[in-house]
Amino acid sequence: MRRMVGLLCALLVGAQLVGCGEQAGGGAQTPGEAPSNAVKITIAYSPEKEEWLKERIATFNASGAKLNGSPIFVEGLNKSSGAARTELKNGQLDVTVWSPSSSTWLEVLKQESGNANIAVSSRPLVLTPVVISMWKPMAEALGWPNKPIGWSDMLALINDPQGWGAYGHPEWGKFTWGHTDPEISTTALSTLLAEYYAAVGKQRDLTVADVQKAESQQFIRDLGKGIKHYGYNTLVFSDNMQKFGTSYISAFPMEEITLIDFNKNKAPAVPLVAIYPKEGTFWHDDPFIVMSKASAEQQQAAETFFTFLMNDESQKAALSYGFRPASANVPLADPVSERYGVQPQGVQNVLPVPSADVIVAAKNVWQQNRKRADIVLLVDTSGSMEGDKIEQVKAGLETFLARILPEDRIALVTFDSTATVAVPPAPLSENRIALSEAIQQMRATGKTAIYNGLDSAKQVLDGLPKTSEDRIQAIVLLSDGADTASSISFEQIKGSYEETGISIFPVAYGADADKQVLQDIVDFSHTILVEGDTGNIGQIFDNLSRYF
């Protein structure tokens, strides 16, 4: 393993490898103020490194490190990898050092910005592979840990009409899994590239032509038939797997460090184990990238900080969180062990990161191959929504619709004292104008009949004609208050949704929203509760669009 890591580290210098950026990060995290004479540098890092770097930055700032007699002060910024790359490309983010989950994002940034010299150096800080996390009993049914398992086994299980019954467990139902958005999630991007490698039977030299082959596209779509939930980031999946257990999904790709954290800190009733796909997987290298816009003085200060992060103390601290050290001086130990569901020697086939044009090609065709959806937008138009509240929701709904595929069938249902189907369901390509007109015509009036709204939304989905393809069925419910007018009860609504497979995503809008009722809806629907207000409702709808 040590030889492999050493080789890997050498390969990683100067770029390459895939990394992760999952949780929605944001915000300065460094306490204290920089001395007036300090050489100040800023590092934007992916959220999974938050705990490690927050402590390391504080320790470094207290260490008295100097450059030419001036103290060096580091300021940290928690920022998701995909979001940071977008902001760097648009000139909205100006940092000395960028540490996404993977060097892959640097390659994407170079390609999309047209600037091959946007960074002066890139070196790995810590390592973690991408694995398929699976509930231990399910993995054992597939032959884990003695039998190699990979994407082809997942595809066979998805296509088997018996589902888990083919392995003696009909009570587990169909094989299901989850997928995040490769536009913002590095694990999702790595997973997608690994799927393409598996589709063409390669372990190197993946090309744009490979990605664009009809057979490759079909392989991705066939794997997609087993997707039960899409999501914004791995944190949501990890939380829901802990909350809802084996009934939520069968498996989910995540970084090894996330799986370790799940087993170590979330006390799951059933543990997850790491499957290292037999077709190969990627290492995430969490690079320390020094940006070319940094001054010579800042680049020297960054070098001092990098040396600090690579010393034995810092690398051992990273290991304690579940990262694999990038320094060969620090041996592997707990928690990177079977005790927490991972295998220190687990990665057998390392996939090389393809060229930037291949990465961008794979990312750009993702939307075309994802599962289609039937979605009801269920919007509270009661009197309390009057004013800026409803106007901001109108803008947010337009943002949502802008990211939905033309083939997705969309309906708009509003509710005040009663529920109204404002726009019947149809492919977005057919009712886009009608939806926009109805959204703009929404007016706030009357009481709040949330349950009647949910009942109408379900009837809309139930009435849709069947298609030849399995589709996601979902309701986006926005409400700013408590139910005051429904003619049916919560228990009646809950009972009507049992075994339907319909996902309800409630948005608690403003301080007066009945969060407990919305949380109760989340609990039987196995989704998430999103909280927002007029200041961020646009971003919330943008994020929600990534669940479909």
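Use the structure listed above.
A short tour of the structure in this document, coming up. Keep in mind that what you see is a predicted model, and the values were worked out from it rather than measured.

**Description of the side chain of Arg 123**
By secondary structure assignment, the location of Arg 123 is in strand E5 (residues 119-124). For Arg 123, the side chain forms a polar contact with the side chain of Glu 303, separated by 2.8 Å.

**Section: the pairing of strand E7 (residues 177-180)**
The alternating pattern of E7 places Trp 177 and His 179 and Gly 178 and Thr 180 on opposite faces, both of which are buried. By the bridge criterion, four bridges tie E7 to strand E8 (residues 227-231) in an arrangement that is parallel. Paired with Trp 177 across the strands is Ile 227, a residue of E8.

**Some words on helix H16 (residues 388-402)**
Spanning 15 residues, H16 covers 21 Å between terminal C-alpha atoms, matching the ideal 21 Å at 1.5 Å per step. Along H16, the positions that sit buried rather than exposed are Lys 389, Ile 390, Val 393, Lys 394, Gly 396, Leu 397, Phe 400 and Leu 401. Those residues of H16 that are buried lie in contact with strand E14 (373-380), strand E15 (409-415), helix H17 (428-440), strand E17 (472-479), strand E18 (503-509) and helix H21 (537-544).

**Here's the deal with the nonpolar core**
Core analysis: the biggest nonpolar cluster contains 116 residues, and Trp 98, Phe 400, Leu 544 and Phe 548 have the highest contact counts within it. Here Leu 544 is in contact with Phe 400, Val 476, Phe 505, Val 507 and Val 530, once residues within four sequence places are set aside.

**Brief notes about unusual backbone geometry**
The residue after Trp 144, namely Pro 145, is reached through a cis peptide bond having omega 5°. Residue position: Pro 145 is located in the loop between helix H5 (136-141) and helix H6 (151-159). A cis geometry characterises the amide bond from Asp 334 onward to Pro 335, with omega recorded as 10°. Here Pro 335 is to be found in the loop between strand E13 (324-325) and helix H14 (356-364). Phi at Asp 205 is positive, roughly 60°, even though this residue is not glycine. Its location among the elements puts Asp 205 in the loop between helix H7 (186-200) and helix H8 (208-212). A positive phi angle is found at Glu 499, which is not glycine, with a value near 65°. Among the secondary structure elements, Glu 499 is positioned in the loop between helix H19 (490-497) and E18. The class of Glu 499 is exposed, set by a relative accessible area of 82%.

Conventions used here
Residues numbered from 1 in each chain as written. Predicted model: local features only at pLDDT ≥ 70, side-chain atom pairs only at ≥ 80, totals over all residues. Heavy atoms only, no water. Helix = DSSP H or I, 4+ residues; strand = E, 2+ residues; numbered from the N terminus. Polar contact = N/O pair within 3.5 Å; in protein donor to acceptor, adjacent residues only side chain to side chain. Buried < 20%, exposed > 50% of the residue type's maximum accessible area, 1.4 Å probe, protein only. Pairing = 2+ DSSP bridges. Expected span 1.5 Å × (residues − 1). Contact = heavy atoms within 4.5 Å. Core = buried A, V, L, I, M, F, W, Y, C linked by side-chain atoms within 4.5 Å.

Everything listed is a geometric property; what it means functionally is a separate question.
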